[in-house]
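Spelled out from the first residue to the last, the chains are:
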Amino acid sequence: MLNDSIKHNQPAIENEKRASFRVAAIQMASGPSVSANLEEAARLIEEAASQKAELVVLPEYFCIMGMKDTDKLTVREQPGDGQIQKFLSDTAKRLGIWLVGGSVPLASSEPDKVYNSCLVYADNGEQVARYDKIHLFGLQLGHECYAEEKTIKAGSEVVTIDSPFGRIGLSICYDLRFPELFRMMNNVDIILAPAAFTAITGRAHWEILVRARAVENMAYVIAPGQGGYHVNGRETNGDSMIVDPWGVVMERLPRGPGAVVATLDPGYQASLRTNLPALDHRILQYC
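Each value, and the rule that gives it
- All chains use their own residue numbering, which begins from 1 and follows the written sequence.
- It should be noted that, the model being predicted, local features are given only for residues of pLDDT at least 70 and side-chain atom pairs only at 80 or more, the latter also being counted only at that level, while totals for whole chains, interfaces and linings use all residues.
- Note that water and hydrogens are dropped before the side-chain values are worked out from all heavy atoms of the structure.
- Helix and strand assignments come from DSSP, with helices taken as H or I runs of at least 4 residues and strands as E runs of at least 2, each series counted from the N terminus.
- Here the globule rule reads 2.2 Å times residues to the power 0.38, and the radius of gyration is calculated from C-alpha atoms.
- Throughout, a residue-residue contact means that at least one pair of heavy atoms, one from each residue, lies within 4.5 Å.
- Note on patches: the residues involved have over 30% relative accessible area and no salt bridge, like charges join within 9 Å, and the nonpolar side chains Val, Leu, Ile, Met, Phe, Trp and Tyr join within 5 Å.
- Methods summary: accessible areas were calculated by the Shrake-Rupley approach with a probe of 1.4 Å, and residue burial reflects only the protein chains presented.
- Here, a salt bridge means any side-chain nitrogen of Lys or Arg that lies within 4 Å of a carboxyl oxygen of Asp or Glu.
- Each residue's exposure class comes from its accessible area (1.4 Å probe, protein chains only) as a fraction of the maximum for that residue type: buried when under 20%, exposed when over 50%, partly exposed otherwise.
- Any two strands with at least two DSSP-identified bridges between them are counted as paired.
- Only C-alpha atoms enter the line fits that serve as axes; for helices the fit covers just the stretch in contact. Angles between N-to-C directions range over 0 to 180 degrees.
- Definition of a polar contact: a pair of N or O atoms within 3.5 Å, with one able to donate and the other able to accept a hydrogen when the atoms are protein atoms, and with sequence-neighbouring residues admitted only if both atoms are side-chain atoms.
- Ring pairs are drawn from Phe, Tyr and Trp, using the six-membered ring of Trp, whenever the two centres fall within 6.5 Å, and their geometry is named by plane angle: stacked under 30 degrees, edge-to-face over 60, tilted for the rest.
- For a lysine, the NZ atom is tested; for an arginine, the CZ atom; a charge sits over a ring if that atom is within 6 Å of the ring centre and within 35 degrees of the ring normal.
- Multiplying 1.5 Å by the helix residue count minus one yields the expected span of that helix.

Enquirer: Tell me about the overall build of the chain, residues and numbers included.
Expert: Looking only at helices and strands, one finds six helices and 17 strands in the chain. Against the globule reference of 19 Å for 287 residues, the chain gives a C-alpha radius of gyration of 17 Å, in line with a compact fold. Reported as C-alpha extents along the three principal axes, the dimensions of the chain are approximately 50 × 40 × 35 Å. Sequence-distant contacts in the chain: of pairs separated by 6 or more residues, those separated by 24 or more amount to 68%.

Given below as structure tokens:
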């Protein structure tokens, strides 16, 4: 159980919550070159910023989709140091946006494993939150075989953060299949779900899972994904989307790189929660 491991970050940056604001989910088809991926990420982040997005979320593994699973070990970074983290910090500050690195390989205590970490940077370039992926993906389906536990060390803390956009809950990809994680976040306004869903599981479950997490938590969900064919032969689902608290897909991008941008309205969300106070009607509080 993780009931005693909920980390809530309240940055020293004091801003009033926006009346409405633009957010973006970045879709990529990352490859094995970190520098090339960062260059592509910069282009897409700038595209989102040009559309007035104030909160921009990159997909899982935006910085590397290696030829083999162990490639991410060779580019791992120490917390607070390294080209990937510097890129995120510098880009957030340069563009004056909140920027989320969907996942970054950070060093763990085990030499053959990294943390798969979602990092949040405020508009002054300060890192204000870190979430280490808790649920590690495993699949044996036909010719597809995945076992993240071989190269990734699981996190143990549920992470939320106060921001100018409201209370944000952090998750990564496979976490979407575990609704109890999001219940433990305690009434977040926005859920971030950067992903690299496989084409097979994505076609079957991606949209269902994203919309379900939005509906049951009455939260906006920003779900950027890897989308397309990768140099390593892998195919990812894409279909990056932004979903409102009623479960409506506001904007989406089926395939290929791009920025999905939408306007979030906290007033609309508050009205829904008042008219249908399902979050206050919960009886079963613990799983």
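Following the structure, the description resumes.
Enquirer: Explain a nonpolar patch on the surface to me, and be specific about the residues and the numbers.
Expert: A grouping of W246, V248, Y268 and L276 is seen on the molecular surface, where their side chains present a nonpolar patch of about 380 Å² in accessible area. Residue position: Y268 is located in helix α6 (residues 266-275). A residue is classified by how much of its surface remains accessible, and Y268, at 33% relative accessible area, is partly exposed.

Enquirer: Give a detailed account of the sheet that holds strand β11 (residues 190-192), specifying residues and quantitative values.
Expert: In space, the seven strands of this open sheet follow the order β1-β9-β10-β11-β12-β15-β16, with mixed pairing throughout. Edge positions in the sheet fall to β1 (6-9) and β16 (249-253), since each of these pairs with one other strand and no more. For this sheet, the mean angle separating the axes of adjacent strands, direction not counted, is 20°. Here β11 runs beside strand β12 (residues 220-223); their pairing, made up of three bridges, is parallel. Paired with L192 across the two strands is I222, which belongs to β12.

Enquirer: Could you give an account of the environment of D132, naming the residues involved and the relevant values?
Expert: Relative to the helices and strands, D132 resides in strand β6 (residues 127-132). In this structure, the C-alpha to C-alpha distance between D132 and S163, residues 31 residues apart in sequence, is 19 Å. In this structure, D132 is in contact with Y115, N116, S117 and G155, ignoring residues within four places of it in sequence. A polar atom in the side chain of D132 sits 2.6 Å from the side chain of S117.

Enquirer: Please provide a residue-by-residue account of the packing of aromatic side chains, values included.
Expert: Applying the stated criterion across every chain yields a total of five aromatic pairs. When the centroid spacing of 5.2 Å and the interplanar angle of 80° are considered together, the rings of Y174 and F178 count as edge-to-face. By relative accessible area, Y174 is classed as buried at 17%. Since its relative accessible area comes to 21%, F178 is described here as partly exposed. Three or more aromatic residues link up through ring pairs in this structure, and these residues are F21, W98 and F165. Directly above the ring of Y229 sits R255, whose terminal nitrogen or CZ lies 5.3 Å from the centroid.

Enquirer: Report on helix α1 (residues 34-50), specifying residues and quantitative values.
Expert: Think of an α-helix as turning once every 3.6 residues; residues three or four places apart then point the same way. Its 17 residues give α1 an end-to-end C-alpha distance of 24 Å, which sits within 8% of 24 Å, the value for a rise of 1.5 Å per residue. Along α1, the residues classified as buried are V34, N37, L38, A41, A42, L44, I45 and A48. Tucked inside the fold, the buried residues of α1 contact β2 (21-27), β3 (53-57), α3 (83-95), β4 (98-107) and β17 (258-264). K52 lies just past α1 and shows a positive phi near 75°.

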